[in-house]
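# Residue-level structure breakdown
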Amino acid sequence: MNFLRRILDSISIPVIAVLLGLLASSLFVLLANVSPIDTYQQLFCEGFGPRGCQTFGDLFIFQAPNEDDGTTTTVFSPLYGSGGSRLALILEQATPLILTALSATVAFQAGMFSIGMNGQFVMGAITVGFLGVWLPAQIYSLAGVADYESAPELLRTIMHLIVPLICIAAAMGVGAFYSWIPGYLKVRLNVNELISTIIFNAIAVQLVGYLVNFPLRSDQNNIARTARIDDTAWLIPFNRTVFADVEWFSGARVGVGLFIALIAAALVWFYLKRTTAGYEQRMTRGSSLFARFGGISTGKATLRAMLISGALSGLAGVIAILGVERRVVDGFNQTQTGFDGLLIAILAREAILGILIVAPIFAGLNLGAINLQFGDLPRQLGGIIISFIILFNAMEDWLRERLRGIFKPRPRPEAPEAKEVAAS
Amino acid sequence: MISFIETYQRPLRIVAIIAGVAVLLLILFGLPINLLQSSIRLSTPYVLGSLAALVASRAGVLNLAIDGKMLFGAFIAVAVLFHTGYDPIVGVIAATVAGGVLGLIFAVLYLRIRINLVILAIAVNLFIANATVYFMRTLYGAFGTLADPSIRSLPTIDLPIISGIPYVGQLLSGHNIVVYLSWIMVAVVWIILFRTQFGRHLRAVGENKAAAESVGINITRVQIFALTVSGMLAGMAGSFLSIGVLSQFVDNMTDGRGWTAITVSLFAFEQPVPAFFTSLFFGLSEALSFYLQGRPELQLPPDLLLALPQLATIFALVLVALRIRTSELLKRRDFAGQFGQELEKLRQGKLAGAGD
């Protein structure tokens, strides 16, 4: 019972925040002369529902049409996967988000309010965008074969194992380095990390834009893009390999990356909660002076956190390119994966389990908002909803006070000490 | 490092001054005059933005939502002109008021409801960035840019006497009203901060909240006022972006200028007049970026040129930090020296400060 109460207590405010956020955003929908209920129905159906979903009810129980004879069968929506399930698509979108959110969490928990996830993400992405093409080409020329098709089976297998690993390591290194710079500036010179990381983000985006447009540009496509990564570097999605016949996965490029993200989540949890290093960095945030008195090198702990944070963001870039896009396109980060990760970390209150729950919801909301664009409303409605949710979520103390006013406080049990004092 | 600075303090200072003067002369006479004129013009959002940042941080609130407030001002200026078709100056006033209102809301959310400052700033920036695009599309049906014949840009004003002077006239005259307003604002903010009672209260709150409260200053009122003024200045900066340079609103048109403005205020040690001169250098870096983009014969990649102001910002940040660090170290050394003297006196049997 106590356990249930604790869960209810920790969930109540986020749920209220979401409801209030939707309510507040509905004012904006009304201003555009559109019915909020229809809009939200569309938003959630496009985001979370099965194909052909129309109402809120369809999110759970759906009358699936039978194409052969025109009849319908009643199905449980999340498992219904004709033409590919949206939930698989959500998982695909959520994978990099989980990693960037973890990255934000690690930085926050060292007291660094770093927003550099976006810059580290694009730097990691461009690294594998380059290595995924260049490295296999080097190996082929060393082995004396023309390309993937003509390579012997053994070489292919070895490369399938090695190339992605090298790519991942390189991108994590680049991300870590890009995050180390603001960390070092903070530790040594006390440069405000918020401002420096924002500027580093802008620089990274311009740099990647330059690299994609000039040195790494592969063809005269309208939108500049790099060459497609070699098949051996590809983290092949499920729908091409093990689950090729499962319709639930069709159309979604979710793959090994999801496992990598989950393992990373577990490792980050272990690091933060169960290791000395994690304790040191949490102490640094909690009370820097106390930590230093206890013999903790706070600068080192902060730098370690920034390195891990950058590596995680770089890893997110790897998943986005090796697992999903397979090439870097100019402006590919319009959706701001890194910044979304930061928002997820704030919404999840830096809890690892919370991130795993919030990230798919966030991804679904993004998907729904993008599809909203084909209707009357721009996709920015999603951003408005999210900013309201963040605001209400951050009002926790104030909301709790209001709640206490609404629901009368339960009579407090008398303090046992007082009784004893009275008896004696 | 500290001993090095200690020994060569005077030569170092002279070298720094000579280098500064050389750079200034180089800039003034080596660069084309239209580039300098546009860099003075483009520094306006930095001047106003850094004033906004320093008013807030002098009152003890790190205002990180300046970017959002600027964007809001830019949007409101264009939206008001689109609806009414009045003189552009109305747009400037509307943007200033709108920025002030947003600043007030920000202050109430922070001080009354006690939302974490950084999270609040992130939420406000995110909200404004999305809401402006949302309204641009739903109310005006515009994609990406909102432009209309009814939205005119601010007219340029020729200053009566100065425009007659050959070189200076070209530099200082022929800007629009917000540019001149920003110069006036530098003086106004300086006077408010350092020559009025309210300014003293404001600085007291920023420096030591508990001490200020103990002498009866209403901290909340001071901070609310500072954030409102900060919002007004940021809104005015935004109106310059949308109807001063262009006559349209572009999706996310502040492009991080609010963040740079915060850096400017840090660089200037939160002093209005140095902030003005620092802004000029950022204006120059931006003007240079546009100027070089306008000459394809130089074969410079545009993306890297766009990063020029950002690189300047990072450079400035590091410089600021070094300056603060050195002054801290010097202060600490002075303190240690003083402390040593007092200790010596104590050893000799005298009471510290008891007189000789």
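Values in this document were obtained by computation on a predicted structure and should not be read as measured data. Positions within a chain are numbered from 1, following the residues in the order the chain's sequence is written. Following the order in which they are written, the chains are lettered starting with A and the ligands numbered starting with 1. Residues qualify for local features only when their pLDDT is at least 70, as the model is predicted, and side-chain atom pairs are given and counted only at 80 or more; totals for whole chains, interfaces and linings, by contrast, use all residues. Excluding hydrogens and water, the side-chain figures rest on all heavy atoms present in the structure.

### Focus on the side chain of Thr 44 of chain B
Along the chain, Thr 44 of chain B turns up in helix α4 (residues 44–58). The contact criterion used throughout is that any non-hydrogen atoms of two residues lie within 4.5 Å. Leave out the neighbours within four places in its chain, and Thr 44 of chain B touches Val 178, Val 179, Ser 182 and Phe 240 of chain B. Numbering goes from the N terminus for both helices and strands, where a helix is a DSSP run of H or I of at least four residues and a strand is a run of E of at least two.

### Regarding helix α13 (residues 257–267) of chain B
Here the term buried applies to any residue with accessible area under 20% of the maximum for its type, exposed to any over 50%, and partly exposed to those in between, with areas from a 1.4 Å probe on protein chains only. Counted residue by residue, α13 of chain B has nine buried out of eleven residues, so it is predominantly covered. Phi turns positive one or two residues past the end of α13 of chain B, at Phe 269 of chain B, with a value near 50 degrees.

### Describing the packing of aromatic side chains
Here a pair means two rings of Phe, Tyr or Trp (six-membered ring of Trp) with centres within 6.5 Å. Their orientation is stacked below 30 degrees between planes, edge-to-face above 60, and tilted elsewhere. Enumeration over the complete set of coordinates arrives at 24 aromatic pairs over all chains. Centroid distance Tyr 46 of chain B to Phe 282 of chain B: 5.9 Å. Interplanar angle 50 degrees. Geometry classified as tilted. Here Tyr 46 of chain B, found in helix α4, pairs with Phe 282 of chain B, found in helix α14 (residues 272–293); they are 236 residues apart in sequence, far enough to count as distant. Residue Tyr 46 of chain B is classed as buried on the basis of its relative accessible area, which comes to 2%. For Phe 282 of chain B, a relative accessible area of 5% puts it in the buried group. Ring plane angle 80 degrees and centroid distance 5.4 Å describe the contact between Tyr 180 of chain B and Trp 183 of chain B, whose orientation is recorded as edge-to-face. Here Trp 183 of chain B and Tyr 180 of chain B lie together in helix α9 (residues 177–195), a separation of three residues that amounts to about one turn. Residue Tyr 180 of chain B is classed as buried on the basis of its relative accessible area of 10%. The exposure class assigned to Trp 183 of chain B is partly exposed, which follows from its relative accessible area of 24%. Grouping aromatic residues by their ring pairs yields a cluster made of Phe 28, Phe 388 and Phe 392 of chain A together with Phe 127, Tyr 134 and Phe 135 of chain B. Whether a charge lies above a ring is judged from NZ of Lys or CZ of Arg, which has to be within 6 Å of the ring centre and within 35 degrees of the ring normal. Over the aromatic face of Trp 234 of chain A sits the side chain of Arg 326 of chain A, whose NZ or CZ is 3.6 Å from the ring centroid. Sitting above the plane of the Phe 106 of chain B ring, Lys 69 of chain B keeps its charged end 4.4 Å from the centroid.

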